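An overview of the molecular structure
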Amino acid sequence: MRVQSKILLLAVLLTVTDTVMAKTSTIQRKQRLNDHWQFVENDSDFTKANTVTLPHDWSILHHFDAKAPAGNDGGYLPTGKGWYRRILTLDKRYEGKKIRLYFEGIYMNSHVYINGHQAGGWPYGYSGFWVDATPYVSTGRNEIVVSVDNSQQKNCRWYTGSGIYRNVWLVTTDKTYIDDWSIAVSTPDIHHVELTATVILPDGTTRPLQRTIEVADPQLWSPDSPYLYQTELAIPEGDHVSVTYGIRTIDYSAEKGLLLNGKPLKLNGACVHHDNGILGAAAYDDAEYRKARLMKEAGFNAVRTSHNPPSEAFLRACDELGLLVIDEALDGWREKKNDNIYDYSTLFDQWWQRDIDAMVLRDRLHPSIFCWSTGNEVIERKKIEVVKTAHQLASRIRALDPQQRPVTSALAAWDRDWDIYDPLAAEHDIVGYNYMIFMAESDHQRVPRRVMMQTESYPRDAWRNYQTVQTHDYIIGDFVWTGLDYIGESGIGRYYYEGEVPGESWERPLYPWHAAYCGDVDLTGSRKPISFYRSMLWNTRTKEQEEGLYLAVREPDGYLGKVKTSMWSTWPTQNSWTWPGWEGKPIEVEVYSREPKVRLLLNGQLVAEQDTKEMKATFTLPYQTGTLCAEAGEQRVELQTAGTPAAIRLTADRSTLKADGQSLAFITAEVVDAQGCVVPTADHTLTFTVDGNATLLAVGNANVKDEAPYYDTTHQVWHGRALAVIRNNGRSGKSTLRVSAEGLPSTQITFR
């Protein structure tokens, strides 16, 4: 577990055991099984296999292809079938043990074979599942083979990735053991913690395990203080499990809104997909932690895992960093969406309960989860049968969650019908509104006890949605679509120029667009101006949130072409005062501030002073190179016109890589002038090489029309920036990333 000194305090409580001395074992209970896999694509002949390390997404390792079967939805990347193979050697210590494999996620239609016997598998690519390997393994050499079939397209409305894209674990216990997913924590009050679990006996029968812990001075979990407790749960036969949880209370009503630990809380939320940008769907722990950190740093206090259960690493990060979570199970139910003829509608009747169970049983320990979601904009929403389905899903969740967190589903209407959904809405504790919060006041008059939140909203409506939430107690928050750019739903948030293919992303293919571009944070992790504006609306300036003044410059209409926007886009805007060729022509500058007045200066001369409206002031002035400055109160920010490219600057998110074969470093490469100012017009192609004990995983930029693959060793910068990701190869020692470009001195960064 990561211990973040500023925001995470870890308390280790008493050990709960059935006896004073529990048996010990020399075998680690849970071992990561991510290395030494062989992989072959669209074949089962392992003589042609490559050795890979999990998590592994084979789709992202290809070129973009306008003819890929997954199409616009899947980011124009191929899918297909794959086979994985690993040899597992067990010594005599494993004799008589219970041996299980735990797969956190395989996309999709997986089958697991152990020594030639089919031992398990799962169709839904976002559910974790267990395989009892005990009947099939023996001491010595054992063969694990996993088949994956993502060839039936289309099966999803966004990029899924393909393969064993999450962790795999070997879990070893005695024949009497604690069932991992039976563990639950509840707090009848903040001074008492109840832990329950089920003990599995060798003959398959069970016995309950239940303990109550008194906490005299509880430290309550919240986004501002995400305090976590840890307890070891053990049985006399020797098995023991470390349980991490938080203590907090959740209440909600139309009169008081959402109360966390008895205090009102409004949700500044972001929808997030499961991919990790240029890494594709590969859910490395460090990438998942980074994703949560990017959302926290962007000022959000909540996320919605649209439209599937996230990785365990992402939820752990939300626990530690202080992000509330809507944990969502499914996109659709019984009826397919658009032309996704192989989506979850083909699985629903046989698998919905098992997938709901997999989500809730796996995730219910996480204090960050404040709400469960059963679906999103289901197609059959006008049919009366949908009410029964919603009731079944919500009832199953409530039966499995001792904390009785609220259940929601995201409702939407693409026509004038809305009141018709009242019976469906009534099946949920909090009603999710996708783009429909403008109906809130009339809905409140009709159903005054309804608690609402906008589960999706347009990025450009930041001010209106902020005001709507702040002025209505029964509306508890807004979740923008989206917090992060993601692969797939290609071009949904695009702007474009007159003469290019017009319209919205669902109307026609938009290749080479291969990602959404509607995120507050771009595909490489850099915040767009809309992110700073949204954060300023919701967050007062604190030590953690330093931004209280921000300068943004709107791309002049006609600079690269006449600008056209789409429904999920914002106007192309940059934190830049470098617009060569536009000298003397009018340009618009936006200043974001909570102060009542702001001043704009150019080269030391006052341009104007304006009152802020909606925490923003907009100035129009002739473009002139130099220094642009905004002042508000005691704050001051500047933008400098960039000069000629002079160097490559590397900035990494860490200086050390763990020797575990999983540790990642994300390195931003920027083309800068002699004064260190990023040159946004630079278009250099960078070459990346790695020496030492690391491997280059991916390189890319935030231009989601760039057709260059992410797995290559070269990539062009966009707006002067690119991103590289390296992974430790399992050995200790130094690793060095070197970056070069024609006409610029090469540079390097070293990791210990």
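Residues numbered from 1 in each chain as written. Predicted model: local features only at pLDDT ≥ 70, side-chain atom pairs only at ≥ 80, totals over all residues. Heavy atoms only, no water.

**Concerning empty space enclosed by the protein**
Sizing a probe to match a water molecule and rolling it over the atoms shows the empty space that remains. Scanning the entire structure with this criterion turns up six cavities of 30 Å³ or more. Approximately 190 Å³ is the volume attributed to the largest cavity. Considering the residues around the largest cavity, the lining is formed by 20 residues, among which Tyr124, Asn155, Asp331, Asp343 and Tyr344 are closest to the centre. Tallied by class, residues from the lining of the largest cavity come to 11 nonpolar, four polar and five charged. Lining of the second largest cavity is provided by 13 residues; of these, Asn276, Gly277, Arg290, Leu294 and Leu484 occupy positions nearest its centre. (1 Å grid on protein atoms, 1.4 Å probe; cavity = no way out; pocket = protein on both sides within 12 Å on 5 of 7 lines; lining within 4 Å. Points joined across faces, edges and corners; volume = space filled by probe spheres on them. Nonpolar A, V, L, I, M, F, W, Y, C, P; charged D, E, K, R; others polar.)

**Observations concerning the sheet that holds strand β6 (residues 98-103)**
Read across the sheet, four strands follow the order β2-β11-β6-β9 without closing on themselves; strand pairing throughout is antiparallel. Two strands in the sheet have a free side with no partner beyond their single neighbour: β2 (30-32) and β9 (129-132). The average angle at which neighbouring strand axes cross in this sheet is 25 degrees, direction not considered. Relative to strand β11 (residues 168-173), β6 runs antiparallel, the two sharing six bridges. Bridge assignment links Tyr102 to a residue of β11, and that residue is Trp169. (Pairing = 2+ DSSP bridges. Helix = DSSP H or I, 4+ residues; strand = E, 2+ residues; numbered from the N terminus. Axes fitted to C-alpha atoms, helices over the stretch in contact; angles between N-to-C directions.)

**With respect to the nonpolar core**
The biggest cluster of nonpolar side chains holds 133 residues, and the ones touching the most others in it are Trp37, Tyr84, Leu101, Phe103, Val146 and Met295. Counting 26 residues, the second largest nonpolar core, distinct from the first, contains Ile648, Ile667, Val679 and Val717. (Core = buried A, V, L, I, M, F, W, Y, C linked by side-chain atoms within 4.5 Å. Buried < 20%, exposed > 50% of the residue type's maximum accessible area, 1.4 Å probe, protein only.)

**What about unusual backbone geometry?**
Residue His307 follows Ser306 across a cis peptide bond; omega there is -5 degrees. Inspection of the secondary structure puts His307 in the loop between β22 (302-305) and α2 (312-321). Cis geometry is adopted by the peptide bond preceding Pro512, which originates at Tyr511 and carries an omega value of 15 degrees. Within the chain, His719 stands out as a residue other than glycine whose phi angle is a positive 55 degrees. Here His719 lies in the loop between β43 (714-716) and β44 (721-728).

**Overview of the packing of helix α1 (residues 285-297) against α2**
One can describe the packing of α1 onto α2 by two numbers: an axis separation of 8 Å at closest approach and a directional angle of 40 degrees. One finds that α1 runs oblique with respect to α2. Of the two possible hands of crossing, α1 and α2 adopt the one that is right-handed. Side by side, α1 and α2 meet where Asp285, Glu288, Tyr289, Lys291, Ala292, Arg293 and Lys296 of the first sit next to Ala313, Phe314, Arg316, Ala317, Cys318, Glu320 and Leu321 of the second. Of the residues belonging to the contact of α1 with α2, the class tally is seven nonpolar, no polar and seven charged. (Parallel < 35°, antiparallel > 145°, perpendicular 65-115°, else oblique. Left-handed = near helix turned anticlockwise from the far one by under 90°. Contact = heavy atoms within 4.5 Å.)

**Points about the sheet that holds strand β34 (residues 597-602)**
The sheet built from four strands is open, its strands ordered β35-β34-β37-β38 with antiparallel pairing. This sheet does not close on itself; its edge strands, each paired only once, are β35 (605-611) and β38 (635-640). Looking at each pair of strands side by side, their axes are set apart by 15 degrees on average, direction ignored. Inspection of the sheet shows strand β37 (residues 627-632) paired to β38 by six bridges, in the antiparallel sense. Among the inter-strand pairings, Thr627 is bridged to a residue of β38, identified as Gln640.

**Notes on the packing of aromatic side chains**
As enumerated under the stated definition, the model contains 39 aromatic pairs in all. When the ring of Tyr229 is compared with that of Tyr245, the centres are 6.1 Å apart and the planes differ by 15 degrees; the resulting orientation is stacked. One end of the pair, Tyr229, is in strand β16 (residues 228-234); the other, Tyr245, is in strand β17 (residues 240-245), and 16 residues separate them in sequence. Exposure class is identical for Tyr229 and Tyr245. Each is buried. Judged by centre distance (5.3 Å) and plane angle (80 degrees), the ring pair of Tyr559 and Trp579 falls under edge-to-face. Of this pair, Tyr559 sits in the loop between β30 (549-554) and β31 (563-565) while Trp579 sits in the loop between β32 (573-574) and β33 (586-593), and the two are 20 residues apart along the sequence. We classify Trp579 as buried; its relative accessible area is 2%. Among the aromatic residues, ring-to-ring pairing joins Tyr107, Tyr124, Tyr126, Tyr344, Phe348 and Trp352 into one connected group. The ring of Trp351 carries the charged tip of Arg354 above its face, separated from the ring centre by 3.7 Å. (Phe/Tyr/Trp six-rings, centres within 6.5 Å; stacked < 30°, edge-to-face > 60°. Lys NZ or Arg CZ within 6 Å of the ring centre and 35° of its normal.)

**As for helix α7 (residues 462-470)**
Considered for burial, the residues of α7 that qualify are Ala462, Asn465, Tyr466, Thr468 and Val469. The buried residues of α7 occupy one face: seen down the axis, they fall within an arc of 165 degrees. Looking at the buried side of α7, the elements it contacts are β27 (452-457), β28 (475-480) and α8 (529-538). (Arc of directions from axis to C-beta.)

**Some remarks on the packing of helix α3 (residues 348-363) against helix α4 (residues 385-400)**
Running from amino to carboxyl end, α3 crosses α4 at an angle of 30 degrees, the nearest separation of the two axes being 9 Å. Between α3 and α4, the interaxial angle falls into the category roughly parallel. Both α3 and α4 take part in a crossing whose hand is right-handed. Between α3 and α4, the contacting residues are Phe348, Trp352, Gln353, Ile356, Asp357, Met359, Val360 and Leu361 on the first element and Thr389, Gln392, Leu393, Arg396, Ile397 and Leu400 on the second.

**Quick word on the pairing of β17**
In β17, alternate side chains face the same way, and those of Val241, Val243 and Tyr245 are buried while those of His240, Ser242 and Thr244 on the opposite face are not. By the bridge criterion, six bridges tie β16 to β17 in an arrangement that is antiparallel. Considered in β17, the bridge of Tyr229 is made with Tyr245. Taking the residues between adjacent antiparallel strands as the criterion, β16 and β17 are bridged by five residues, where Gly238 takes a positive phi near 125 degrees.

**Quick look at α2**
Of all 10 residues making up α2, nine are buried, and the element is well covered by its neighbours. At the C-terminal side of α2, Gly322 shows a positive phi close to 90 degrees.

**Overview of the environment of Asn434**
Within the element layout of this structure, Asn434 appears in strand β26 (residues 431-434). Judged by relative accessible area, Asn434 falls into the buried class, the value being 0%. In the structure, Asn434 is positioned 88 residues away from Thr346 in sequence and 25 Å away in space, judged by C-alpha atoms. Beyond its immediate stretch of four places on either side in the chain, Asn434 contacts Arg304, Asn376, Glu377, Ala410, Leu411, Ala412, Thr455 and Glu456. Separated by 2.6 Å, the side chains of Asn434 and Thr455 make a polar contact. (Polar contact = N/O pair within 3.5 Å; in protein donor to acceptor, adjacent residues only side chain to side chain.)

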